[in-house]
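Spelled out, the chains give:
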Amino acid sequence: MLQAKKTSLNQQQRREIGTYLEKGKIESARVRIEHVIRDDMVIEAMENLELYCDLLLARFGLLEAYKTCETSIAEAVNTLIWAAPRLAEVKELSLVRDQLASKFGKEFMLNAMEDKDGLVNPRIIIKLQASVPDSYLVERYLEEIAKIYDIKWKSDLIEHVEEEKVLKEDIDDDDDDNNDRGSGGQKETLPPLQNNDLLDSQLDLPEIPSNSPIKKIDTTNSDPNDFDALAKRLDALKRK
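Residues numbered from 1 in each chain as written. Predicted model: local features only at pLDDT ≥ 70, side-chain atom pairs only at ≥ 80, totals over all residues. Heavy atoms only, no water.

**A look at the confidence of the model for the chain**
Which entries qualify depends on this criterion: pLDDT runs from 0 to 100 and stands for how confident the predictor is about each residue. By definition, any uninterrupted DSSP run of H or I lasting at least four residues is a helix, any uninterrupted run of E lasting at least two residues is a strand, and each is numbered from the N terminus. Whether two residues are in contact is decided by their heavy atoms: any pair within 4.5 Å suffices.
Looking at the chain as a whole, its pLDDT mean stands at 76, while 65% of the residues score no less than 70. Mean pLDDT per element in the chain: helix H10 (residues 196-202) is the minimum at 41, and helix H4 (residues 71-83) is the maximum at 96. Of the regions scoring below 50 in pLDDT, residues 187-227 engages in 4 contacts with residues more than four places distant in sequence or in other chains.

In structure tokens, the structure reads:
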């Protein structure tokens, strides 16, 4: 219920931000988008916590059989206890925390709330931490909203960063070329193979069938700077 309410309000905020972009009120849009990003993170965290609750329900026998927290449910138990005070608006989560504390003891609960054993899911920690959203993420969100509502707007900040990166790569390439020419040496090149017909006749290699499970991996569009959290949030934004 709470997730649906947040999602509905989030969608309304996106429309308002699109209006700001269309009217050229970029700074107002940047301020508003921070709320959208935080809500997106909270909604995703709530979805993950709901899965943890389902996991504990499916493995309820382990909760009853052992007095200590079994390894296979340790992450779920610690994460739910840690997240409860950070999502005080979710009353059911506080009830789950109290029941787990009653089962495993007060000391266990305090350790989980401080994540002393490092068992809390780090993704949940990132999504629920109180911090200002990254500026790059803010600009990407704005560009995605502009794209969804067919608004011709691109962030100057992102373009400026990309131009500097391309310029730096060009300078580095020029330096490498100059170093190669200045070394005075020439790379030794091997002559091409001769008599290819004879080579083909000697090596009787089978052809790879068209339905072979071996596939060539396409890396031309890979992005080394891509990170999972951004991709998931932007993908969720496109679906809404």
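Right, picking up where we left off after that structure.
**What about the packing of aromatic side chains?**
Threshold: Here is the rule: rings of Phe, Tyr and Trp (six-membered ring for Trp) pair when centre to centre is within 6.5 Å. Planes less than 30 degrees apart are stacked, more than 60 are edge-to-face, and the remainder are tilted. Note on classification: 1.4 Å probe, protein chains only; a residue is buried when its accessible area is under 20% of the maximum for its type, exposed when over 50%, partly exposed between these limits. The criterion for a charge sitting over a ring is simple: Lys NZ or Arg CZ within 6 Å of the ring centre, and within 35 degrees of the ring normal.
Applying the stated criterion across every chain, the model contains 1 aromatic pair. Centroid distance Phe104 to Phe108: 5.1 Å. Interplanar angle 40°. Geometry classified as tilted. The exposure class of Phe104 is buried, given its relative accessible area of 14%. Sitting over the ring of Trp82, Arg86 keeps its end group 3.9 Å from the ring centre.

**A look at H4**
For clarity, the cut-off: The span expected for a helix works out to 1.5 Å for each residue beyond the first.
Between its terminal C-alpha atoms H4 stretches 19 Å, which fits the 18 Å expected from 13 residues at 1.5 Å a residue. Across the 13 residues that make up H4, a large majority, 10, are buried. Here H4 has its buried residues at Ile73, Ala74, Ala76, Val77, Asn78, Thr79, Leu80, Ile81, Trp82 and Ala83. On its buried face, H4 sits against helix H2 (26-58), helix H3 (60-65), helix H5 (91-104), helix H6 (106-114) and helix H7 (122-128).

**Some points on the environment of Asp115**
For the record, the criterion: Here a polar contact is recorded for every N or O atom pair within 3.5 Å, except that within protein the pair must consist of a potential hydrogen donor and a potential acceptor, and residues adjacent in sequence are included only if both atoms are side-chain atoms.
Secondary-structure assignment places Asp115 in the loop between H6 and H7. Asp115 has contacts with Trp82, Val120 and Ile125, leaving out every residue within four places of it along the chain. In this structure the side chain of Asp115 is engaged in a polar contact, spanning 3.0 Å, whose partner is the backbone nitrogen of Leu119.

**What about the pattern of salt bridges?**
Stated formally: The rule for a salt bridge is simple: a side-chain nitrogen of Lys or Arg has to be within 4 Å of a carboxyl oxygen of Asp or Glu.
Going through the model one piece at a time under the given rule, you end up with 8 salt bridges. Residue Glu114 is joined to Lys116 by a salt bridge in which the shortest nitrogen-to-oxygen separation is 3.6 Å. The pair Glu114 / Lys116 is uniform in exposure class, with both members exposed. Salt bridges sharing common partners tie together Glu27, Arg30 and Glu139.

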